[in-house]
Amino acid sequence: MEFSCSRGVLFDTLAVMSGVVKKNPPLLVLSNVLVSAEAEGRLHLFSTDLEVGVICSIPAQVSAAGELSLPARKLTDILRELPEAQVSLATEGTTCTVRCENSRFSLMGIDAEDFPAKPDTSTDSSLTLVSPSISLITSATPLGTRCSHSSPSTILLRISVPE
C-alpha cells in the first residue's frame, strides 16, 4: 500500500476516531486503526472497540492499493508534530514508513486479516447534514444510546469527507 494525502485531513480524521481506540484494550489489535487505500483515490479508516465502530473516508493520491492495521495513537502523535504538508505512507509487509518533507518515521503494523471485520455499511440512501446539525446530533447522542451489559449492541458512525 502506498498513498499520500493532506496531513491536516488525515490528522483530523484520526482525531475523530481516537475516541473509539482504547489505551489498554483486551486485544492489541483494538488499539489500531485499519487503513485501506483504494485505487480509486479514497482512503478508508476503521477503528472499533467491538461495541462502537467508526469508519471514515478521505480523498488521497493512491499509488498502490492495500490495507494494514496501524497503531492509532502513535500515528496520531506523529501527524500532530508534522508540518502542514502532504504526508505519504508506504508499507512493506507489516512495516509502514511515514514521510513528510524531511521527516521519516517507521511503524510496525498488524496484518489487516487480524483486524475485526467491518460491518456492512452499504445503503441505498444517504443523508447530508450541515455542521450545526452534526453538532446537535452528537451532543444528543448519549441520551439516545442504550447501555446494557446484558444485551450488547454495536454502534457505528460513518463519516465521509467529500473531495
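Just above, that's the structure.
What you are looking at is a predicted structure, and each value in this text was computed from that prediction instead of being measured.

**A closer look at the sheet that holds strand S1 (residues 2-6)**
Taken together, five strands build an open sheet; the order of strands is S5-S1-S7-S8-S9 and the sheet is antiparallel. Every other strand in the sheet has two partners, leaving strand S5 (61-64) and strand S9 (103-108) as the edge strands with one partner each. For this sheet the average axis-to-axis angle between neighbouring strands, irrespective of direction, equals 20°. Where strand S8 (residues 95-100) lies against S9, six bridges are found, and the strand directions are antiparallel. Across the sheet, residue Cys100 finds its bridge partner in S9, namely Ser103.

**Quick look at the packing of helix H1 (residues 7-17) against helix H2 (residues 72-81)**
Where H1 meets H2, the axes come as close as 10 Å, and the angle between the chain directions of the two elements is 140°. Between H1 and H2, the angle falls in the class oblique. Judged by the twist between their axes, the crossing of H1 over H2 is left-handed. Within the contact between the two elements, H1 uses Arg7, Leu10, Phe11 and Leu14 and H2 uses Leu75, Thr76, Leu79 and Arg80.

The rules behind these values
- The residue numbers shown here count from 1 along each chain, following its written sequence.
- Since the coordinates come from a predicted model, pLDDT governs what is reported: local features require at least 70, and pairs of side-chain atoms require 80 or more to be given and counted, while whole-chain, interface and lining totals use all residues.
- As a rule here, side-chain values cover all heavy atoms of the structure and leave hydrogens and water aside.
- The pairing criterion for strands is at least two bridges between them, as found by DSSP.
- For helices the rule is a DSSP run of H or I covering at least 4 residues; for strands it is a run of E covering at least 2, with both sets numbered from the N terminus onward.
- Orientation is described by lines fitted to C-alpha atoms, with helices fitted over the stretch in contact, and by angles between N-to-C directions that extend from 0 to 180 degrees.
- Just so you know how the angles are binned, under 35 degrees is roughly parallel, over 145 roughly antiparallel, 65 to 115 roughly perpendicular, and the rest oblique.
- Note on convention: the crossing is left-handed when the near helix lies turned anticlockwise from the far helix by less than a right angle, right-handed when the turn is clockwise.
- Whether two residues touch is decided by their heavy atoms; if any such pair falls within 4.5 Å, the residues are in contact.

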